[in-house]
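Residue strings, one per chain:
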Amino acid sequence: MAKRKNKIIIIGGGLAGLAAAMRLCELTCEVVLISYQPLKRSHSVCAQGGINAAIDSKGEGDSPENHFYDTIKGGDFLAEQPLVRDMCYQAPAIIHLMDRMGVAFNRTHEGHLAFRRFGGTLYSRTAFAGATTGQQLVYSLDEQIRRYEHDGLVEKLEWHEYLGAVLDSKGVCRGAIIHDLRTNEIYTLASDVVILATGGPSQIYSGSTASAVNTGAAATMAYLQGAKYANGEFIQIHPTAIPGQDKLRLMSESARGEGGRIWVPKKPGDARGPLDIPETERYYFLEEKYPQFGNLVPRDVASREIYDVVYNQKLGISGQPMVYLDLTHKSKEFLDDRLGGILDIYTKFTGEDPRKIPMKIFPAVHYSMGGLWTDYETSGDGSLDHHSPRNQMTSIQGLYAAGEADCQYHGANRLGANSLLSCIYTGLMIAPGVINYSKNLSQSGQDVPSSIFDDARNYWTNRFKTIHKLNGLENPYKLHKDLGDLLMGNVLIVRNNKALEKTVYGIEEIEQRFRDVKCVDTNDWANPTPSFINQLFCMIQLAKIITRGALMRDEFRGAHFKPDFDLNQPSGFDPHEYIDYLEQKNYGEVAEDVFPPGHLDYMKRFEANNKKWLKTSIAQLENNQPKITYADVNTSLVTPRPRKYD
């Protein structure tokens, strides 16, 4: 009897999906790769600055253990430590793998890989390909997939949308419902496993750096089918984006990694051009407040400081919500070599050359640290068991998630250049466990009753017929903007419960208006409107998770900044004091005079806060609302402590 090949469906053609497809094909699986758009236009290509790995080519003393610690600290200790540690130790091998595949990484004069600094670390550990690193990585992996496509192991379906998982009577994933965006045909595909590598949901906000496809609809559909969604309230606000009328465009952290300086005029409302303002009248607020990390503090810290300078200190450029990002002290040759791509983008959309004039930037929604809850298994020594079928599986058996669609790697705040790493890492890591799961199935997706697939196809066919007939008064695109504006106003850098409560009610009103929506285009061929209406429904559900999670989490952690719950770290505090405090507690009550005045009280409050809130928030659908509970985080490898970057 011929041995059956494992059949895997991967949703998403970005780095996580491509990496998973490549590794599964190496292990002789058959893969169907579904993408909403051409693979080479996946959102991963928008990543600019680089990918982290502690290779220490500059002899700075960096190591994977340092990378692990920086990542855990940067995420305010909310990430799952065994997974993060494994990712950081695998990172050098991933860089060398991508290098061998032909990624055009920048190199030193000696021919070694070049590395730059990114935020939240003091080491140069970010490999880069100019300022188009994501694009170069995607193109190289795509070449590998083309080879397997030629060999018959990969079937690539571009311009196809994932609508949901096909679940059997026991709730096990047996395949996927697919929507051909050109013909509007809806059909099902059977498989052993479905992997969601569909990116993040930033389009829920009206001002983000994300592509139009980043609606989070696939992950939300998994949640609506019973999967857990974790840490939804942790939305990353990137400190440097290019303000625009249509959207906000990313200005990579690499601009600061290559020496870019953020400043504002010291005089409020100063109307002079930036080149007319002398050094003595410039306020380099990040450098002054954080002398150790300077302009490369983590993204949550930088965004809060820019917000404070603009709105509280009233020092935005000409009174507007913008600050300068200055590279004019660098030579044109240097900038063209290191940052040419992103500087050209700035020039194209603003008409000003950042090689000659400081850029005007402001924070923007960029990334979701939260996503589908995924499992993992450790071995006896606490390290990751790479062959466990549990790795990256959601709470729906047979449905997996990787990349930005999952939740385990970045805690409360992602460090720059860790996203490309986590995408490729999870894509590669997921494969052995998926195959073991597939091998041990009592029946494959092809063996389950056909009625399960017929029912799923009929449900979605009827749902889209219903959407086509919607003829209410609400324009779905206007409704989407209203939803995005609501979250932009109240669930952004600074959060307070009164505004969050108002937003919960506002989302309910939008959900009510959605029932009166109109399908503004009813053509049957290549019509994106019905799909968008379905995605809008998902975005409304995900907005509930984000907002309710933010409302319930009464603390300040990473990107989730609630000033009312700021523990107000005392000046001169050293995080090592907290480790000493924990050590001394083992021997009884700690005396007040052991630490500087106010420090012991702060540490006790920090300890109590962690006991209550150092937990993963988990949303599950119940009566059309997210029911949020909390689960412990694995902190077995490094003791959580207060963050400090000055």
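So, a few notes on the structure that sits alongside this text. (Residues numbered from 1 in each chain as written. Predicted model: local features only at pLDDT ≥ 70, side-chain atom pairs only at ≥ 80, totals over all residues. Heavy atoms only, no water.)

What to know about the sheet that holds strand β17 (residues 359–368)
In space, the 6 strands of this open sheet follow the order β13-β12-β17-β16-β14-β15, with antiparallel pairing throughout. Unpaired on one side and paired on the other, β13 (249–250) and β15 (282–283) mark the two borders of the sheet. Pairing geometry for strand β12 (residues 235–242) and β17, over 5 bridges, is antiparallel. Within β17, the residue paired with Ala241 across the bridge is Phe362. (Pairing = 2+ DSSP bridges. Helix = DSSP H or I, 4+ residues; strand = E, 2+ residues; numbered from the N terminus.)

Some words on unusual backbone geometry
Of note, the phi angle at Asn231 is positive, near 55°, even though the residue is not glycine. Mapped onto the secondary structure, Asn231 falls in the loop between β11 (229–230) and β12. Asn231 gets classed as buried once you look at its relative accessible area, which sits at 1%. Positive phi values are uncommon outside glycine, yet Ser318 reaches one of about 50°. (Buried < 20%, exposed > 50% of the residue type's maximum accessible area, 1.4 Å probe, protein only.)

What to know about the packing of aromatic side chains
Throughout the structure, instances matching the rule amount to 18 aromatic pairs. Considering the side-chain rings of Tyr409 and Tyr425, the 5.8 Å spacing of their centres and the 75° angle between planes classify their relative orientation as edge-to-face. Taken together, the positions of Tyr409 in the loop between β19 (399–401) and α10 (418–439) and Tyr425 in helix α10 put the pair 16 residues apart, joining distant regions of the chain. Ring geometry for Tyr477 and Phe532: centres 4.5 Å apart, planes at 15°, overall stacked. With Tyr477 in helix α12 (residues 476–490) and Phe532 in helix α14 (residues 529–552), this pair connects stretches of sequence that are 55 residues apart. Among the aromatic side chains, those forming a connected cluster through ring pairs are Phe573, Tyr578, Tyr581, Tyr602 and Phe606. The ring of Tyr645 has Lys73 lying over it, and the distance from NZ or CZ to the ring centre is 4.2 Å. (Phe/Tyr/Trp six-rings, centres within 6.5 Å; stacked < 30°, edge-to-face > 60°. Lys NZ or Arg CZ within 6 Å of the ring centre and 35° of its normal.)

So, the sheet that holds strand β2 (residues 30–35)
Picture the strands of a sheet paired through backbone hydrogen bonds; they go either parallel or antiparallel. Taken in spatial order, the 5 strands of this open sheet run β6-β2-β1-β10-β19, and their pairing is parallel. Because the sheet does not close on itself, it has two edges, and the strands there are β6 (154–158) and β19. Averaged over all pairs of adjacent strands, the angle between their axes in this sheet comes to 20°, without regard to strand direction. Pairing of strand β1 (residues 7–11) with strand β10 (residues 193–196), which is carried by 4 bridges, proceeds in the parallel orientation. Bridging across to β10, Ile10 finds its partner in Ile195. Each of β2 and β6 is contacted by helix α4 (residues 133–150), which is oriented at about 120° to β6, the strand it contacts most. (Axes fitted to C-alpha atoms, helices over the stretch in contact; angles between N-to-C directions. Contact = heavy atoms within 4.5 Å.)

Observations concerning the environment of Asn471
With respect to the element layout, Asn471 can be found in the loop between α11 (450–469) and α12. Assessed through its relative accessible area of 58%, Asn471 is described here as exposed. When the C-alpha positions of Asn471 and Cys519 are compared, they lie 6.2 Å apart, and in sequence the two are 48 residues distant. Excluding residues within four positions of it along the chain, Asn471 makes contact with Val517 and Lys518. Within the structure, Asn471 has its side chain in polar contact with the side chain of Lys518 (distance 2.6 Å). (Polar contact = N/O pair within 3.5 Å; in protein donor to acceptor, adjacent residues only side chain to side chain.)

Some points on helix α1 (residues 15–26)
For α1, built from 12 residues, the straight-helix expectation of 16 Å at 1.5 Å per residue is met to within 8% by its first-to-last C-alpha distance of 16 Å. For α1, the buried fraction is high: 10 of the 12 residues fall into the buried class. Along α1, the residues classified as buried are Leu15, Ala16, Gly17, Leu18, Ala19, Ala20, Ala21, Met22, Leu24 and Cys25. Thr28 sits one or two positions beyond α1 and adopts a positive phi of about 65°. (Expected span 1.5 Å × (residues − 1).)

Observations regarding the pattern of salt bridges
Pairing between side chains of opposite charge can happen when the charged atoms of each approach one another. Tallying each qualifying case throughout the model produces 44 salt bridges. For Glu253, the salt bridge identified is with Arg299, shortest N-O distance 2.5 Å. Linking Glu253 in the loop between β13 and α6 (254–257) with Arg299 in helix α8 (residues 299–312), this pair joins segments that are 46 residues apart in sequence. Take Arg299: its relative accessible area is 4%, and that puts it in the buried class. The partner of Arg557 in a salt bridge is Glu555, and the shortest N-O contact between them spans 2.7 Å. Residue Glu555 is classed as buried on the basis of its relative accessible area, which comes to 0%. In this structure, a network of salt bridges that share partners links the residues Lys332, Asp336, Asp344, Asp353 and Arg355. (Salt bridge = Lys/Arg side-chain N within 4 Å of Asp/Glu carboxyl O.)

Concerning the environment of Pro389
Tracing the backbone shows Pro389 in the loop between β18 (371–372) and β19. C-alpha separation for the pair Pro389 and Asp56, spaced 333 residues apart in sequence, amounts to 33 Å. Excluding residues that lie within four positions of it along the chain, Pro389 makes contacts with Tyr400, Gly433, Asn436 and Tyr437.

Notes on the pairing of strand β8 (residues 173–180)
Summarising burial for β8: 8 of the 8 residues are buried, a large majority. Alignment of strand β7 (residues 160–167) against β8, held across 7 bridges, turns out to be antiparallel. Paired with Leu167 across the strands is Cys173, a residue of β8. Hairpin connection between β7 and β8: a loop of 5 residues separates the two successive antiparallel strands, and Gly171 in this loop has a positive phi of roughly 80°. In terms of strand pairing, β8 meets strand β9 (residues 186–190) through 5 bridges, oriented antiparallel. Residue pairing across strands places His179 opposite Ile186, the latter belonging to β9.

Some thoughts on the side chain of Ser211
Relative to the helices and strands, Ser211 resides in the loop between β10 and α5 (217–224). Given a relative accessible area of 9%, Ser211 falls into the buried group. A polar side-chain atom of Ser211 sits 2.7 Å from a polar atom in the side chain of His43. Ignoring any residue separated from it by four or fewer positions in sequence, one finds Ser211 in contact with Arg41, His43, Cys46 and Gln203.

So, empty space enclosed by the protein
Taken as a whole and judged by the stated rule, the model has 5 cavities of 30 Å³ or more. What the largest cavity holds in volume is close to 60 Å³. Secondary-structure elements contributing two or more residues to the lining of the largest cavity are β12 and α8. No other element matches α8, which puts 4 residues into the lining of the largest cavity. For the lining of the largest cavity, the per-class residue count stands at 3 nonpolar, 3 polar and 3 charged. (1 Å grid on protein atoms, 1.4 Å probe; cavity = no way out; pocket = protein on both sides within 12 Å on 5 of 7 lines; lining within 4 Å. Points joined across faces, edges and corners; volume = space filled by probe spheres on them. Nonpolar A, V, L, I, M, F, W, Y, C, P; charged D, E, K, R; others polar.)

Things to note about helix α2 (residues 64–74)
Burial of α2 is extensive: 8 of the 11 residues sit out of reach of the surface. Residues of α2 that are buried include every one of Pro64, His67, Phe68, Asp70, Thr71, Ile72, Lys73 and Gly74, and no others. Buried residues in α2 make contact with β3 (51–52), α3 (81–100), β5 (124–127) and α10. Following α2 by one or two positions, Asp76 adopts a phi angle in the positive range, close to 55°.

Concerning the environment of Asp580
Relative to the elements of secondary structure, Asp580 occurs in helix α15 (residues 575–585). As a C-alpha pair, Asp580 and Phe595 span 15 residues in sequence and 9.7 Å in three-dimensional space.

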